Every structure is written in C-alpha cells, then in structure tokens.
Amino acid sequence: VIVAFENKEMIEGLLGFMLQQFPQITTLVYTVNSKLNDSINDLHPKTYFGKGFATEKLTTDKGDTYFYNIGPKSFFQTNTKQGEVLYNITKDFAELNGTQTVYDLYCGTGSIGIFVSKQAKKIIGVEVIKEAIDDAKLNAKNNGVTNADFFAGDVIDICNDEFFKQHGKPDVIITDPPRVGMHEKLVNKLLEIAAPLVVYVSCNPATQARDLSLLDAKYEVTKVQPVDMFPHTHHIENVVQLKLRKN
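Residues numbered from 1 in each chain as written. Predicted model: local features only at pLDDT ≥ 70, side-chain atom pairs only at ≥ 80, totals over all residues. Heavy atoms only, no water.

Novice: Go over the pattern of salt bridges, please, and point to the residues and values.
Specialist: Going through the model one piece at a time under the given rule, you end up with eleven salt bridges. In this structure, the salt-bridge partner of K35 is D42, at a minimum N-O distance of 2.8 Å. Looking at K35, the relative accessible area reads 27%, which means it is partly exposed. A salt bridge links D92 to K91, with the nearest nitrogen and oxygen atoms 3.9 Å apart. We classify D92 as partly exposed; its relative accessible area is 42%. (Salt bridge = Lys/Arg side-chain N within 4 Å of Asp/Glu carboxyl O. Buried < 20%, exposed > 50% of the residue type's maximum accessible area, 1.4 Å probe, protein only.)

See below:
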C-alpha cells in the first residue's frame, strides 16, 4: 500500500480495515511516498503485518520445485503459471548440460538463475537493486542451491577483467531487462564479452528488437518464442536465443 504522507492514526486505520475485510492477506506492507513519481527504490517499505514478503513457487518441466521469497522492492513475474512456461522455455533455449557458467543479468530475486541452476555448473546473478540481491541470496540458500552467487551493482561496472578472472567468463548469458530494454552500453558490453550463447527475455518486443539489431554485429537469432503472459492485452513476453556468429 502506498500512502502520500506519514500519519500513524490514518495509516493504521486503513491497514487495520483491510485486514478485517480480507483476512486471507498473509502480509501487509506500506510505503510513504511524497514524490511525484511511483518508484520506491529509494524509499523504505514498512511491514505492518506478517513477514513483509510473499512466497511463490515455480516448477520445472523436470519436476524440480523452487520457492521464492519476494520483497516489496523485488521484481517477480505476476503470472505464475505462465512464468513457469516462460522459464522452462528460457532453460531450453540456454541449452545447458551441466558444464556452463551462466550469467543471469537483471536477475531480480534470482528467479531464472535458481530455476536453471541444476543444469548449470555455476550461476552468476547481477542486479542493481540491493534488496533484490538480498532476496536472491536467501532464495538460493532456502532452495539448497550452492552453485549460485549474486552481486548488487551495474553490469557495466561489475563485469570487468578482474571479475571474470575470479568468477569465470560466461558460456551463457540470460538477460531479462525491464520494458525500456538494455542500455546501449550494456549491449556493447555483451558484444565485448562475446559469450557463445545469449537468451534474451523481454516484456517489450519493440525495445528487444532495437537491442537485437545492435547485437546483430556479432550474433544471429536462432530461436524465437513468444509467451502470452498478459491475457486480454496486446502485451507478450518474448524469448530469443542468439548464438555467436562463426565468421
């Protein structure tokens, strides 16, 4: 719940009424936002009731089930059933055989990285929102995933030669950016890294197409699979597999 100003009596009255009307609520969090935009990354959500996070689960096509704690600042797919479809396609497009180091960019709560971890040698997740990385580390621990490390910061700054020396260069890159797509500097970074295989998950095919045209300098599109994540709207998720050109 987002409120415009701090007033303990009014906030507790509102939230108390919500819990009374909807007893099935498991946790209730509120944020005071007096800004002129709706972003909460620089704000501090407060837990009024419950644990302060939601728990969701996803199951792979192999029957492996993973549970995720999702905090108020963390991104997670809103359509869980289709989220499973989306992540299984992503896993298939990554063509993992247990020997690859996978970089999960814009990893959020670690959802994709953890989902494919059983088929990978190592998972490296990178996300700019620290709270999401905290969730990702906890999610990996809670799911018994020991081959995943998560780092808070900008990919452009983190993925340097020293980082690759310590953690290994990626064999596969999975990127799942927000609707604005990838920053051009990151696209150039991917071209510089030149991983053999890239899986690009997008909720905005327009910005994805823009980024793919830039990646065309070194990569060819080998597979495309749209997923209807948002029924009754014109929006879709789209998964694209790219492979490094041989010439």
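Don't stop here, the text continues.
Novice: Could you give an account of the sheet that holds strand β8 (residues 148–152), naming the residues involved and the relevant values?
Specialist: Judged by pairing direction, the sheet is mixed, and its seven strands sit side by side in the order β8-β7-β6-β9-β10-β12-β11 without closing on themselves. Two strands bound the open sheet, and with one partner strand each, they are β8 and β11 (219–227). On average, each strand axis in the sheet is inclined to that of its neighbour by 15°, with strand direction left out of account. Sheet analysis places β11 next to strand β12 (residues 237–244), joined by eight bridges and oriented antiparallel. Note that in β12 the partner of E220 across the bridge is K243. Contacts from helix α4 (residues 130–142) reach β7 (122–127) and β8 within the one sheet, and its direction differs from that of β8 by about 170°. Here helix α8 (residues 205–215) sits on the sheet in contact with β10 (197–202), β11 and β12, set at roughly 160° to β10. (Pairing = 2+ DSSP bridges. Helix = DSSP H or I, 4+ residues; strand = E, 2+ residues; numbered from the N terminus. Axes fitted to C-alpha atoms, helices over the stretch in contact; angles between N-to-C directions. Contact = heavy atoms within 4.5 Å.)

Novice: Give a detailed account of the nonpolar core, specifying residues and quantitative values.
Specialist: In terms of nonpolar packing, the biggest core is built from 33 residues, with Y68, F150 and V199 touching the most fellow members. Put simply, the parts of the chain that give this core at least two residues each are β5 (65–70), α2 (80–94), α3 (111–116), α4, β8, β9 (172–175) and β10. Broken down by element, the residue count for this core peaks at five residues, all from α2. Among residues more than four places away in sequence, those in contact with V199 are T90, F93, A94, I173, I174, T175, V239 and V240. Core analysis: the next-biggest nonpolar cluster, separate from the first, contains 24 residues, L190, L215, Y219 and V240 among them. (Core = buried A, V, L, I, M, F, W, Y, C linked by side-chain atoms within 4.5 Å.)

Novice: Now, about helix α1 (residues 8–21): what can you tell me, with residues and values included?
Specialist: Under the 1.5 Å per step criterion, the end-to-end length of α1 is 20 Å for 14 residues, consistent within 8% with the ideal 20 Å. When α1 is considered as a whole, its buried residues turn out to be I11, L15 and L19. The arc that holds every buried residue of α1, seen down its axis, measures 65°, which confines them to one face. Seen from the buried face of α1, the exposed residues on the opposite side, beyond 90 degrees, are E9, M10 and Q20. Summarising the contacts, the buried residues of α1 are in contact with β1 (2–3), β2 (28–32) and β3 (46–49). (Expected span 1.5 Å × (residues − 1). Arc of directions from axis to C-beta.)

Novice: An account of the environment of V3 is requested, with residue identities and associated values reported.
Specialist: Note on placement: V3 falls in strand β1. Distance from V3 to Y30, taken between C-alpha atoms, is 7.2 Å for residues 27 residues apart in sequence.

Novice: Quick rundown of the state of the cysteines? Include the residues and the values.
Specialist: By definition, a disulfide links the sulfur atoms of two cysteines through a covalent bond. Under the defined criterion, the tally for this structure stands at zero disulfides. Free cysteine: C107, not disulfide-bonded; nearest cysteine sulfur from C159 at 11 Å. Free cysteine C203: the closest other cysteine sulfur is in C107, separated by 16 Å. C203 sits in the buried class, given a relative accessible area of 15%. (Disulfide = S-S within 2.5 Å.)

Shape is all these values report; function is a separate question.
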